[in-house]
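What follows is each chain in one-letter form.
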Amino acid sequence: MDTIVIGGGNKLHGKVRISGAKNAAVAILPAALMSTGKISLSNLPDINDVRTLIAILENLGVAIRRRGRNAVELNPSRLRGYSPPYELVKKMRASYYLMGSLLARFGRAEVPIPGGCDLGPRPIDQHLKGFAALGVDIEIEHGLIKLAVAKMRGAHIYLDVVSVGATINLMLAAAAAEGRTVLENAAKEPEIVDVANFLNAMGASIKGAGTDVIRIDGVSQFGSAEHMVIPDRIEAGTYMMAAAATGGEIVVEDVIPKHLEAVTAKLREMGVTVDVEPERIWVKRTDHLLPSDIKTFPYPGFPTDLQPLSMALLTAAEGTSIITENVFDGRFRHVDELKRMGAQIKVEGRTAVVEGGQPLSAAPVAATDLRAGAALVVAGLMARGETVLSEAEHIDRGYEQFEEKLRGLGASIKRVRSRGGIMVRKPL
Ligand code: EPZ
């Protein structure tokens, strides 16, 4: 596994362009399978999850042409089957969207049970409950989820849990069901709206995405479409917090500020200057950071994906902050790693109490998931000395050119590639 070496103490400054949203792209690529026309996607983030999904689509028979780093053209008119390969599917959880899109295309899907993650248990019971409501027969054996239905029929589905994945997966399947499906208690994330817009561009009839009630009138055919993926609000928030953490001043460009309102509000509460323009956000920290209480909630609440980043940032605040993780049961794996760097953090159930004000000190740490990895890089930017982060591949799943973008902002950061256990320093 690669390591990333971070030299602490540099204040970040300059401009950084934000890439397309990972959590929209990993749903839109599987959704493209529903079309018998030609699909052109742009502003795709150049990240490992996208590469893995492209490999899965090619394995299923989709003809794909890369158009530069961030665009592809797909021709899914001749698919070979509905059983994506285990060795690729196990690499990423979001491959569960293949269930909804293959059901829409074939009425069949055989998808390996998605791997767990370091965020604690991540059940998919709401996905399966919704598919069953649409008339799908579900069998789970030998680690495979086997789904089959002659013709899906629209249904009224009330989600017990506000779930991004279940909302999107059921939108994919219901788009091809006979009649109307109503999803109640749906998640409202911007990525859900982006997927709905893409489906409608292919000929679907979806209304209400972005609210907690989504109405889907099934259609029998999906055609060609062009789509530009929305900017990644979590990537943008990561750089905004990195600027605040290092006492710097940066501009994040190509963003939708509306998607970052909870993050902007929290940074201002901490005493950070945040100025918003139509497609970019200025972040500047000059004074001391103030402590703040953060509670994660589904959108438009404070995003759980930025909870690890906010924890790293709040170790620099003068005082006590309380972070409550309401979305996932086990999303505090980064706490032990931050404590290795001298952070004063106490966890009680869903709550972490951060005693800020003591500077962090560099230490060897390990990424446990992509957002924890990003948070430890930010902690390294703040710490005295040189931090060595192992398991860096986690970061590559969701951040395009992470080190390059941070170096462009003045960070001292480099990757050391491990080839078969031999550390090879990558030239700066
Ligand atoms: C999506 O995961 C994102 N991943 C996550 O981002 C994000 O943290 C999460 O939404 C919440 O915003 C992608 O979009 C690929 P959920 P998802 O279903 O869909 C429970 C990142 O770093 N639940 O909204 O898996 C679940 O356990 C990743 O980019 C059920 O109980 O999340 C959790 O407690 C990490 N049953 C809560 O709902 C279900 O059937 C929210 O999960 C489904 C979910």
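Residues numbered from 1 in each chain as written. Predicted model: local features only at pLDDT ≥ 70, side-chain atom pairs only at ≥ 80, totals over all residues. Heavy atoms only, no water.

Q: When you look at unusual backbone geometry in this model, what are you seeing that I'm missing?
A: Glycine aside, residues mostly have negative phi, and peptide bonds are mostly found in the trans state. Backbone torsion omega between Y299 and P300 reads 10°, so that peptide bond is classified as cis. Its location among the elements puts P300 in the loop between β17 (294-296) and α10 (307-314). Positive phi outside glycine occurs at E391, with the angle close to 60°. Relative to the helices and strands, E391 resides in the loop between β22 (386-390) and α13 (393-396). (Helix = DSSP H or I, 4+ residues; strand = E, 2+ residues; numbered from the N terminus.)

Q: Sorry, what's going on with the sheet that holds strand β18 (residues 320-325) here?
A: By definition, the strands of a sheet pair up through backbone hydrogen bonds, in either a parallel or an antiparallel sense. If you walk across this open sheet you meet the four strands as β17-β18-β20-β19, and the pairing is mixed. Since the sheet does not close on itself, it has two edges, and those belong to β17 and β19 (344-348), each with one partner. Across the sheet, the mean angle from the axis of one strand to that of its neighbour is 15°, orientation sign disregarded. (Pairing = 2+ DSSP bridges. Axes fitted to C-alpha atoms, helices over the stretch in contact; angles between N-to-C directions.)

Q: Teacher, can you tell me more about the side chain of S321 here?
A: Checked against the element boundaries, S321 lands in strand β18. Of the residues examined, S321 reaches a relative accessible area of 0% and is grouped as buried. Within the structure, S321 has its side chain in polar contact with the backbone nitrogen of S292 (distance 3.1 Å). (Buried < 20%, exposed > 50% of the residue type's maximum accessible area, 1.4 Å probe, protein only. Polar contact = N/O pair within 3.5 Å; in protein donor to acceptor, adjacent residues only side chain to side chain.)

Q: It is not clear to me how the domain arrangement of the protein chain should be interpreted in this structure. Could you clarify?
A: Accessible area lost when the parts come together is the quantity often used to give the size of an interface. Splitting the protein chain by domain gives domain 1 (3-19 + 231-425) and domain 2 (22-228). Computed over C-alpha atoms, the centres of domain 1 and domain 2 are 30 Å apart. If you look at the interface, domain 1 gives 25 residues, while domain 2 gives 22 residues. Between domain 1 and domain 2, roughly 2,000 Å² of surface is buried when both sides are summed, and carbon and sulfur atoms account for 49% of that area. Viewed at the interface, domain 2 and domain 1 are joined by two salt bridges. Here R397 makes a salt bridge to D49, at a shortest N to O gap of 2.8 Å. One can count eight residue pairs in polar contact (both at pLDDT 80 or more) joining domain 1 with domain 2. Residue classes in the side of domain 1 that touches domain 2 are distributed as seven nonpolar, six polar and 12 charged. (Domains from an automatic or database assignment. Contact = heavy atoms within 4.5 Å. Buried area = accessible area lost by both parts, 1.4 Å probe. Salt bridge = Lys/Arg side-chain N within 4 Å of Asp/Glu carboxyl O. Nonpolar A, V, L, I, M, F, W, Y, C, P; charged D, E, K, R; others polar.)

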